[in-house]
Each structure stands twice: as C-alpha cells, then as structure tokens.
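Structural overview
Here is what each chain is made of, one letter per residue.
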Amino acid sequence: MTFQRSHRKTYQKLCRRNKQHKTPCFIFQGVVLSSLIFFMMFILISNQSDSRKSVDCFQIIEGNASEISFAAERGNDNFATDNDIRKRAQNCTIFSGKYHFPASQEERDFPIAFLLLVHKDAVQIETLLRAIYRPHNVYCIHVDKRSTSALLDAVKSIANCLRNVFIATKLEDVIYEGYSRLQADINCMTDLLSYTDVNWKYLINLPAQEFPLKTNNEIVKILKIFNGTSSIESTYDGRFEYRVNESYIVNPKTLKVESTGRRKDPPPHNIIVGKGSAYGAFSRKFVDFAVNDIKAREILKWTEDTFSPDETFWATLAINKQLGTPGIKYTGKILSVYALMKMEYPS
C-alpha cells in the first residue's frame, strides 16, 4: 500500500495551513484525509507489538518518504467486507461494546442529529459511525436503493444493535446531480423531526466518505457558539443560472441528469436562487421550516427538475430574507471561522 504523491502534497498543505493560522480545519474533512486517518489508525493498532518502533503519524502527514514506506510495509490489505460487518453485528453485546464513549454533561444537554448518506463500503460507514457515535445523539442513515443487498443488510445489522441509529423509512434511488439526492436528505430530516426519544438541537448531514476532525465535545462547543444559527454556504452566482433556468430530467439509459432545453417558469415567491453546499449544520428550527413550511415546500417542489438542487435549496432558503427562515443571521461573519476563533480566544 502506498500514498500517491498528490495525496502527500494535500496533507502537507493542510498541515502548513493549520500551523500558519493556528486554527484547525472545521468539523469534517473529505475522503482523502479520512483515508489517511483510517490508514494511520489501522497501522497504529496493528503495530502495538512492534519491537522496533511505531509509526510516526506526523512524519507521514509531512510526506516523509521513508516513514510512508515503513508504514506501508507494516500494513496489509486484509480489510473487512460488507458481509464481515454484518456478521460482527450479529452479536450485539460484543458489537455495541465498541460504542461506549464517555460524554460530559454539556454534551448530554446538547444532543445532535446526524444524517448519513451512504451507498457503498460498510467498513467506512461503521468507522465513521463509531467516530461520531454518542448514546444521547441520534443517527439516521439513508441507504441508496441501488446499493448492494450486502450493504443494506450490514447497515440493518448495525442499526439493530444501536437503539439510536435507524435507517430512513423511505429510501431513494439517488442520482448524482438529480433531485433524488436532495429528497434523501428530506426523508431523513422528516424522520428525525418525528423521532421523540432525542430532542436534538442541530442536524449535521454528511456522506459516509467524510471523517470528523473534531470530537463530539468540540462540535457541541462550536454549535453552542452558533447559538441557533445554521452554518449554510449561501451566495448568488450568475454563472450557475443555467442550473435553474432550464428543465432537467434523468436519462433512464445513462442515469445522468440532462437538460430538456425547455425554459423553466420563474421560482415562486419572487426569490433569488442561491448557490451553496449540499451539506451543513442546520438548527432544528431551520430543519422544521425546510420540511414543513408551505413556502419552503413550494420552493422544494419547484427544484424537482433543476440541476443539482441539493446545492441550491438550503442556500435559497438562507439567502432570501423575505422568507423569514429561522436559524439565519445576516451578520457578514464567516460563521465557522468566527466559532473557531471564539474557541481559540474565548475572551
């Protein structure tokens, strides 16, 4: 197993950037860094009995070629399969024993809902879940309808062992850049709003290919600084008007989103269509508004034949003040940077 040079450069840039700004990256990082962390965790565990030396993770991040080579020699490719995860979860007593984590009173008083969008790799899903799991939180997992039966069975087995983990009641055949991707979020959000065992304060949606850079305790502190405000990327960019000015459909042969060439009617309620990320940290009031408010539902309906509506719906609700969307503050601050600075310099 070796690291690609481009990956090493990415890690080096991340490390240098964090040193320069003296602040860590935000809550979650994508699959490149996730793979590095998972690999290092695996190497460290497998080398506990190594009499020569242990792996120096910092040197790997710095791109030290000899340390990377040594780590690769100590590792192996015998990772578990989806079916292995399912088998492990057949004994819930043993399996759930890995999910007992201490939590402060501050954490218990501030439960979080996590929404996981998954379509492959039960090993990665279980690794992520174990990293973010706390018994006072709640976790909704949306499994793509096109996923293998082995993956679905593995996730079902995991959920069966953990009382606060469940699979979305309605599953979508998720098409990249299509409306089904957004509908998957809405399905889990609807379930989480109806979940009465945990009175969660915020909802974080993320794909299984991400991994936390913060502990649950640190995430709670960040969200408390947000003070009910949602962390949503939202802006207006005219370069993306083509995504909403024309009607789009999924080609049943290619399963790709294609333009019909037909002009769309203007959006309802005289709104400006925003552009942002499909992912965020949403206050409970924002989620309730997005799912249940009449105007929000009309906007959601309008996005059904647009291009990649998961990158416009949240941003549109946030950018249009006239909608009165809760959990939005127009302060001009970059919220995540502000929260990290408050943690670094509380006074």
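To be clear, the structure that these remarks concern was listed above.
Another point: the packing of aromatic side chains. Inspection of the entire model under this criterion finds 13 aromatic pairs. Lying across the ring of Phe 240, Lys 275 places its NZ or CZ 5.1 Å from the centre. A cation over a ring is seen here: Arg 284 above Trp 200, with NZ or CZ 4.5 Å from the ring centre.

Right, let's talk about the nonpolar core for a bit. The biggest cluster of nonpolar side chains holds 39 residues, and the ones touching the most others in it are Ile 112, Phe 114, Leu 116, Leu 162, Val 165, Ile 204 and Leu 223. Contributing elements (two or more residues each) for this core: β2 (112-118), α8 (122-132), β3 (138-143), α9 (149-161), β4 (165-167), β5 (202-207) and α11 (216-226). For Val 165, the residues in contact, after removing those within four places along its chain, are Leu 129, Tyr 133, Tyr 139, Ile 141 and Ala 159. Among the nonpolar cores identified, the runner-up in size contains 36 residues, and Trp 200, Phe 286, Ala 290 and Ile 328 belong to it.

In contact at an axis separation of 5 Å, helix α13 (residues 284-292) and helix α14 (residues 294-302) are set at 60° when each is read in the N-to-C sense. Residues Phe 289, Ala 290, Val 291 and Asn 292 of α13 touch α14, and the partners they reach there are Ile 294, Ala 296 and Arg 297. Looking at the contact of α13 with α14, its residues break down into five nonpolar, one polar and one charged.

Tallying each qualifying case throughout the model produces 13 salt bridges. A salt bridge links Glu 106 to Lys 224; the shortest N-O distance between them is 3.2 Å. Here Glu 106, found in helix α7 (residues 105-108), pairs with Lys 224, found in helix α11; they are 118 residues apart in sequence, far enough to count as distant. The residue Glu 107 makes a salt bridge to Arg 134 at a minimum N-O spacing of 4.0 Å. Pair noted here: Glu 107 is in helix α7 and Arg 134 is in the loop between α8 and β3, with a separation of 27 residues, a long-range link. Comparing Glu 107 with Arg 134, the two get one shared label, buried. Through salt bridges with shared partners, one network takes in Lys 98, Glu 126 and Arg 130.

Inspection of the secondary structure puts Asn 216 in helix α11. Taking the C-alpha atoms as reference, Asn 216 lies 9.1 Å from Ile 112; in sequence the two are 104 residues apart. If we ignore the near neighbours within four places in the chain, the residues touching Asn 216 are Glu 107, Ile 112, Ile 132, Arg 134, His 136 and Asn 137.

With the rule as written, the count across this model stands at two disulfides. Here Cys 92 engages in a disulfide with Cys 161; their sulfurs sit 2.1 Å apart. Measuring the twist about the S-S bond at about -80°, one finds the Cys 92-Cys 161 disulfide to be left-handed. Of the two residues, Cys 92 is situated in helix α6 (residues 92-96) and Cys 161 in helix α9; the sequence distance between them amounts to 69 residues.

Below, the discussion takes up α8. Where burial is concerned, most of α8 is hidden: nine out of the eleven residues are buried. Within α8, burial applies to Ala 122, Val 123, Gln 124, Ile 125, Glu 126, Thr 127, Leu 128, Leu 129 and Ile 132. Capping the start of α8 is the job of one residue whose side-chain oxygen sits 3.2 Å from the backbone nitrogen of Val 123: Asp 121.

The next point concerns α11. Along an α-helix, residues three or four positions apart point the same way, because every turn accommodates 3.6 residues. Regarding α11, the residues found buried are Asn 216, Ile 219, Val 220, Ile 222, Leu 223 and Phe 226. All buried residues of α11 fall inside an arc of 165° around its axis, so they share one side. Positive phi shows up at Asn 227, right after α11, with a value of about 55°.

The buried fraction of β2 is high, at seven of seven residues. Of the two faces of β2, the one lined by Ile 112, Phe 114, Leu 116 and Val 118 and the one lined by Ala 113, Leu 115 and Leu 117 are each fully buried. Bridge analysis of β2 against β5 gives six bridges, and the strand direction is parallel. Along β5, the bridge assignment pairs Leu 116 with Leu 206. As paired strands, β2 and β3 are joined by six bridges and run parallel to one another. If you follow Ala 113 over to β3, its bridge partner there is Val 138. Read as a crossover between parallel neighbours, the route from β2 over α8 to β3 is right-handed.

Conventions and cut-offs
Throughout this description, residue numbers start from 1 for each chain and increase along the sequence as written. Where local features are concerned, this predicted model is filtered to residues with pLDDT of at least 70; where side-chain atom pairs are given and counted, the filter is 80 or more; whole-chain, interface and lining totals use all residues. With hydrogens and water excluded, all non-hydrogen atoms of the structure serve as input to the side-chain values. Two rings from Phe, Tyr or Trp (for Trp, the six-membered ring) form a pair when their centres sit within 6.5 Å of each other. Planes less than 30 degrees apart are called stacked, planes more than 60 degrees apart edge-to-face, and all others tilted. Criterion for a charge above a ring: Arg CZ or Lys NZ at most 6 Å from the ring centre, at most 35 degrees from the ring normal. Residue types Ala, Val, Leu, Ile, Met, Phe, Trp, Tyr and Cys, when buried and joined through side-chain atoms within 4.5 Å, form a set referred to as a nonpolar core. Any residue under 20% of the maximum accessible area for its type is buried, any over 50% is exposed, and the rest in between are partly exposed; the area is computed with a 1.4 Å probe on protein chains only. Helix and strand assignments follow DSSP, with helices taken as H or I runs no shorter than four residues and strands as E runs no shorter than two, numbered in order from the N terminus. Throughout, a residue-residue contact means that at least one pair of heavy atoms, one from each residue, lies within 4.5 Å. In this description, a line fitted to the C-alpha atoms serves as the axis of each element, helices being fitted only across the stretch in contact, and the angle between N-to-C directions of two axes falls anywhere from 0 to 180 degrees. In this classification, Asp, Glu, Lys and Arg are treated as charged, Ala, Val, Leu, Ile, Met, Phe, Trp, Tyr, Cys and Pro as nonpolar, and every other residue, Gly included, as polar. We count a salt bridge whenever a side-chain nitrogen from Lys or Arg sits within 4 Å of a carboxyl oxygen from Asp or Glu. Our working definition of a disulfide is a cysteine sulfur pair at a distance within 2.5 Å. Polar contact criterion, stated in full: a pair of N or O atoms within 3.5 Å, where within protein one must be able to donate a hydrogen and the other to accept it, and residues adjacent in sequence count only if both atoms are side-chain atoms. Our arc is simply the arc of the directions from the helix axis toward the C-beta atoms. Two strands form a pair only when DSSP identifies at least two bridges running between them. Handedness rule for crossovers: strands pointing away from the viewer, path from the first strand over the helix to the second running clockwise, crossover right-handed.

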